[in-house]
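# Survey of secondary and tertiary structure
These are the residues of each chain, in order.
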Amino acid sequence: MASTTKPLIGINADFKPSQKTSAPAISFLFSGYYDSVLKAGGVPIIIPPYQEVSEIDQVLDLLDGIIMVGGADLDPRNDGFMLHPSIRLMAERREQFDRALFARVYERRLPFFGIGAGMQLMNVALGGTLFLHIPEDLNKALPHRDAMDPFHRHSLIVEKNSLFDHVYGDNEIRVNSIHHMAIDDVAPGFLATAKCPDFVIEGIESISDDWFAFGTQFHPEAASATALDQKIFHEFIRGILKQKTKKSVAQEPRTRCSNQQKVENESESANVFETSLFATDAEFCESFKTPTPLFCDEKTSDSSLMATVVEF
């Protein structure tokens, strides 16, 4: 865990493979993601799609939390479902990396915020399922994407005492909507705490005591987001700081115990004829898991892993 004053927040970069023309492969990230982290009090660290698990572990050792961004569609065949004609696939290299990254994040229980496809990946990786095309799977649903209106919005209903309730309170909520896929079955260990009035899930959060994780289908970082939406990033940073404080407090009793035993041992050494009333020092040890390579290398025309960040 990083020890800097401001939390270090990793953000995965998007990826576009090289074209048949001379256009090279590129990594990029819309500025709304890292600007939102900065405004909320974090320090964003952009993560290109590494191709080795050891590289993922090395960067995760430095971070306090992860934001997984939106993008193109996940390939349903990776989760045992057929490809739908409406799907516009995410680059294979990015999806492979995102899945490997999330697996390591989950193993560490690192604070996680998934946006759009990032939330969908979290859900399917942990046993949930997706609707592949809302107009067909939920034919009575409201429009969730308007090709003619990038600022298309709909209202939002949130559960009381949820993370989203803390963000929005009693305010009238309208969020942007630019998706055609959505969560169907929610992954075990999560609750759907934000929904559109047509019951399409727009936000989920972990109910586990040992993991601070949540996701939104809408995009609080986008130009179409409101100042109120921005508070979600503040909630993420606040939750990370709260978790760090809790861990720090939990470690204090062990330190006090160790110091007390040290005093007692020194007293015992000073008087060898006095029988000690205390047990010997407790021995503590920590176990470490050796990372196991599980990432499948993908061949691309880009011979290096250097990310070229472009702004759209």
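Preceding block: the structure.
This text gives an overview of the structure that appears in the document.

Rules used in this analysis
- Residues numbered from 1 in each chain as written.
- Predicted model: local features only at pLDDT ≥ 70, side-chain atom pairs only at ≥ 80, totals over all residues.
- Heavy atoms only, no water.
- Helix = DSSP H or I, 4+ residues; strand = E, 2+ residues; numbered from the N terminus.
- Buried < 20%, exposed > 50% of the residue type's maximum accessible area, 1.4 Å probe, protein only.
- Polar contact = N/O pair within 3.5 Å; in protein donor to acceptor, adjacent residues only side chain to side chain.
- Contact = heavy atoms within 4.5 Å.
- Pairing = 2+ DSSP bridges.

### Brief notes about the side chain of S86
As for its position among the elements, S86 is in the loop between β5 (65-68) and α3 (92-108). Judged by relative accessible area, which is 16%, S86 ranks as buried. Reaching out from S86, the side chain makes a polar contact with the side chain of H84 at a distance of 2.8 Å. Among the polar contacts made by the side chain of S86, one reaches the side chain of H180 at a distance of 3.5 Å. Setting aside residues no more than four positions away along its own chain, S86 makes contact with D73, L132, H133 and H180.

### Structural notes on unusual backbone geometry
Despite not being glycine, N161 has its phi angle at roughly 65°, a positive value. Of note, N161 is situated in the loop between β9 (157-158) and α6 (163-168). Of note, F199 is a non-glycine position whose phi angle comes to about 80°, a positive value. According to the relative accessible area criterion, F199 is exposed, its value standing at 65%.

### Brief notes about the pairing of strand β14 (residues 213-216)
A two-sided burial pattern is seen for β14, the buried positions comprising A213 and G215 on one face and F214 and T216 on the other. The pairing of strand β6 (residues 112-115) with β14 spans four bridges and is parallel. By the bridge assignment, F113 is partnered in β14 with F214. Across three bridges, the pairing between strand β13 (residues 201-206) and β14 is antiparallel. Of the residues in β14, the one forming a bridge with E205 is F214. Taking the residues that link successive antiparallel strands as the turn, the β13-β14 hairpin has six residues.

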